[in-house]
Amino acid sequence: MSDNSKQAVLDAALRHAVFDGFSDATLEHAAADAGITMTEARALFPDGPVSLVEEFSRWIDSEMERRMKDGKIDTLSIREKVALAVRMRIAILTPHKEAARRAAAFLTLPRNAGLGAKLLYRASDAIWRVLGDTSTDFNFYTKRGILGGLLSATMFRWFNDTSENDKDTIAFLNARIENVMQMGTLQARMREAAKKLPSLSDLLKATAGRR
């Protein structure tokens, strides 16, 4: 089976998921729309609805990366880049908002919690990679963890946003980014302040000198 067949099934599934959620029925209807048998559909999506949701997430990541690379982001600050990447994801999902909402509901089920965490990490990693992040130390995981929380909160805000051009979601996103940047500034100040404090050995020497 070709990648074109897989994409055709996914495209059809996003239409049916609006009514049937991510389910076996959605996969069956999508296979029929794509002109393939259920046996062939199962080969493309071996875990049924789980595979559909995972492919949906992979497609969003890939499309976001493609669009970001096509744009000019080198002159943007890091907060502007992050905001742009998240807004790009929202723009990609806008034609499929109800399907995205159904996918999020699917991932909140206890049995799918592990998959939800994995896909959120992949989304955060995709954003950082397209922004050129080269960290390999503890910051690598910290950045992805913070962005994952930001992305998750923003998407859930968007699911309930009825404002024109998603302006309430954009305001929410910008405020959350500002909070994160302020936290980063505070941490940097604390590190600098810590450098000026006397070391343990200095304190011990001072104490010994007073005996």
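Note that the structure is a prediction, hence the values are computed from the model and not measured. (Residues numbered from 1 in each chain as written. Predicted model: local features only at pLDDT ≥ 70, side-chain atom pairs only at ≥ 80, totals over all residues. Heavy atoms only, no water.)

Re the overall build of the protein
Under the convention used in this document: In this text, helices come from DSSP runs of H or I with a minimum length of four residues, and strands from runs of E with a minimum of two, each type numbered from the N-terminal end. Summary of the burial criterion: residues with accessible area below 20% of their type's maximum are buried, those above 50% are exposed, and those between are partly exposed, where the area comes from a 1.4 Å probe applied to protein chains only. It only takes one pair of heavy atoms within 4.5 Å for two residues to be counted as in contact.
Secondary structure assignment for the protein yields 10 helices and zero strands. Counting helices and strands in the order they occur from the N terminus, the protein gives α-α-α-α-α-α-α-α-α-α. Relative to its full complement of 211 residues, the protein shows a buried share of 38%. Pairs at least 24 apart in sequence give 65% of the contacts found in the protein among residues at least 6 apart.

Overview of the packing of aromatic side chains
Threshold: Between rings of Phe, Tyr and Trp, where Trp is taken as its six-membered ring, a pair exists when centres lie within 6.5 Å; planes separated by under 30 degrees are stacked, by over 60 edge-to-face, and by other angles tilted.
Per the stated rule, a full pass over the model turns up five aromatic pairs. Taking 6.1 Å as the distance between ring centres and 20° as the angle between the ring planes, the aromatic pair formed by Phe22 and Phe56 counts as stacked. One end of the pair, Phe22, is in the loop between helix H1 (3-20) and helix H2 (24-34); the other, Phe56, is in helix H4 (residues 49-70), with 34 residues separating them in the sequence. On the accessibility criterion, Phe22 (7% relative accessible area) is buried.

Looking at the pattern of salt bridges
Spelled out, the test is: Salt bridge, as used here, is a side-chain nitrogen of Lys or Arg placed within 4 Å of a carboxyl oxygen of Asp or Glu.
Evaluation of the coordinates by the stated rule reveals 19 salt bridges. Between Asp61 and Arg89 there is a salt bridge, and its shortest N-O distance comes to 2.8 Å. With Asp61 in helix H4 and Arg89 in helix H5 (residues 78-93), this pair connects stretches of sequence that are 28 residues apart. For Arg89, a relative accessible area of 6% corresponds to the buried category. For Glu98, the salt bridge identified is with Arg102, shortest N-O distance 3.5 Å.

Points about the nonpolar core
Rule in force here: Grouping buried Ala, Val, Leu, Ile, Met, Phe, Trp, Tyr and Cys residues that are joined through side-chain atoms within 4.5 Å yields what is termed a nonpolar core.
Counting 51 residues, the largest nonpolar core has Phe22, Phe56, Met64, Met68, Val82, Ile127 and Leu131 as its most contacted members. When near neighbours in sequence (up to four residues on either side) are disregarded, Ile127 contacts Met64, Ala85, Val86, Arg89, Leu147 and Leu151.

Description of H2
An α-helical turn contains 3.6 residues, so any two residues separated by three or four positions project in the same direction. Note the threshold: Regarding the arc, it is the one traced by the directions from the helix axis to the C-beta atoms.
Every buried residue of H2 is listed here: Thr26, Leu27, Ala30 and Ala31. End-on view of H2: buried residues confined to an arc of 130°, all on one side of the axis. Buried residues along H2 sit in contact with H1, helix H3 (38-44) and H4. A positive backbone phi angle near 75° is found at Gly35, which sits one or two residues after H2.

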